[in-house]
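Residue strings, one per chain:
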Amino acid sequence: MRSPEHLTETERKCIDELCDRNAALATTVQYARPLASTVRDCRSEHLALDVWIADVRLDGQRELRSLANGRRHDRAVIQATLTTTYTSGAVEGNVTRIKLLKRQMYGRANFDLLRRRILLSTCSTSYHPQNSDRAWKLSQNPIR
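Residues numbered from 1 in each chain as written. Predicted model: local features only at pLDDT ≥ 70, side-chain atom pairs only at ≥ 80, totals over all residues. Heavy atoms only, no water.

S.K.: Hey, could you run me through the overall build of the protein chain in this one?
M.R.: Assigned secondary structure in the protein chain consists of nine helices and zero strands. Counting from the amino terminus, the protein chain carries its helices and strands in the arrangement α-α-α-α-α-α-α-α-α. Buried residues in the protein chain amount to 22% of all 144 residues. Here the analysis covers contacts within the protein chain between residues at least 6 apart in sequence; of these, 44% occur between residues at least 24 apart. If you sum the accessible surface of the protein chain, you get close to 10,700 Å²; carbon and sulfur atoms cover 57% of it. (Helix = DSSP H or I, 4+ residues; strand = E, 2+ residues; numbered from the N terminus. Buried < 20%, exposed > 50% of the residue type's maximum accessible area, 1.4 Å probe, protein only. Contact = heavy atoms within 4.5 Å. Areas by Shrake-Rupley, 256 points an atom, 1.4 Å probe, with all protein chains shown as cover.)

Following this line, the structure appears as structure tokens:
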């Protein structure tokens, strides 16, 4: 959800009109904006999340209360996400790439060929420069 100041006039009018037509949607937007702002700005104030959860649990819709209860149980994970600078994006990208290669080769080859194809793929050498020499050596050896 983009912040309200980054919405175009047309988008703002559309959201306002939809909220006028549906009270449940208006409530959802009312509670979603502060949560989105907290996550987007990576504000790690310990009370910001607790206050949001308490507000939703007191007078939010059933679905929002369910979301808040889940966030309450995952509070430590959310706080860690907001306070650390580490990301698993590169790892997730590599996992996705390997799964794609595995699907493409399903039923066609054995594990050794899959391993070589993963090591020789261009993405693996760009993420791990130390693998480029190893990949070159593997390309020089014939497949067993």
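S.K.: In this structure, what is going on with the pattern of salt bridges? I would like to understand it.
M.R.: When their charged atoms lie close together, side chains carrying opposite charge are able to pair. Applying the stated criterion to the full structure yields five salt bridges. For Glu 17, the salt bridge is made with Arg 21, and the minimal N-O distance between the two is 2.7 Å. Of this pair, Glu 17 and Arg 21 both sit in helix α1 (residues 9-21), four residues apart, which is roughly one turn of the helix. A salt bridge links Arg 71 to Asp 74, with the shortest nitrogen-to-oxygen separation between them at 3.6 Å. (Salt bridge = Lys/Arg side-chain N within 4 Å of Asp/Glu carboxyl O.)

S.K.: So what exactly am I meant to see when it comes to the nonpolar core here?
M.R.: Side chains of a nonpolar character, in soluble globular proteins, are inclined to be buried together. Residues Tyr 31, Leu 49, Trp 52, Ile 53, Val 56, Leu 64, Ala 68, Ile 78 and Leu 82 constitute the largest nonpolar core, which totals nine residues. Taken together, the elements giving at least two residues each to this core come down to α3 (46-59), α4 (62-73) and α5 (75-83). Here this core takes four residues from α3, the largest share from any one element. Ignoring sequence-local partners within four residues, the contact set of Tyr 31 consists of Trp 52, Asp 55, Val 56, Asp 59, Gly 60 and Leu 64. (Core = buried A, V, L, I, M, F, W, Y, C linked by side-chain atoms within 4.5 Å.)

S.K.: Teacher, can you tell me more about the packing of helix α6 (residues 89-104) against helix α7 (residues 111-120) here?
M.R.: Geometrically, a packed helix pair is captured by the angle between its two axes and the distance between the axes. One way to put it is that α6 packs onto α7 with a least axis distance of 10 Å and a crossing angle of 140 degrees. Our classification of the angle between α6 and α7 gives oblique. In the packing of α6 onto α7, the handedness of the crossing is right-handed. Of α7, the residues touching α6 (which contributes Arg 97, Ile 98, Leu 101, Lys 102 and Gln 104) are Leu 114, Arg 117 and Ile 118. Residue classes in the contact of α6 with α7 are distributed as four nonpolar, one polar and three charged. (Axes fitted to C-alpha atoms, helices over the stretch in contact; angles between N-to-C directions. Parallel < 35°, antiparallel > 145°, perpendicular 65-115°, else oblique. Left-handed = near helix turned anticlockwise from the far one by under 90°. Nonpolar A, V, L, I, M, F, W, Y, C, P; charged D, E, K, R; others polar.)

S.K.: Sorry, what's going on with the packing of α1 against helix α2 (residues 23-40) here?
M.R.: Direction vectors running N to C along α1 and α2 enclose 125 degrees, while the axes themselves pass 5 Å from each other. Taken together, the axes of α1 and α2 are oblique relative to one another. Each of Ile 15, Leu 18, Cys 19 and Arg 21 in α1 lies in contact with α2, whose residues at this interface are Ala 23, Leu 25, Ala 26, Val 29 and Arg 33. A per-class count over the contact of α1 with α2 returns seven nonpolar, no polar and two charged.

S.K.: Any chance you could explain the confidence of the model for the protein chain here in plain terms?
M.R.: Close reading of the predicted structure is inappropriate where its pLDDT is low. Within the protein chain, residue pLDDT values average 78, and 81% of them lie at 70 or more. Within the protein chain, the lowest mean pLDDT, 49, falls on helix α9 (residues 130-140), and the highest, 92, falls on α1. (pLDDT = per-residue confidence, 0-100.)

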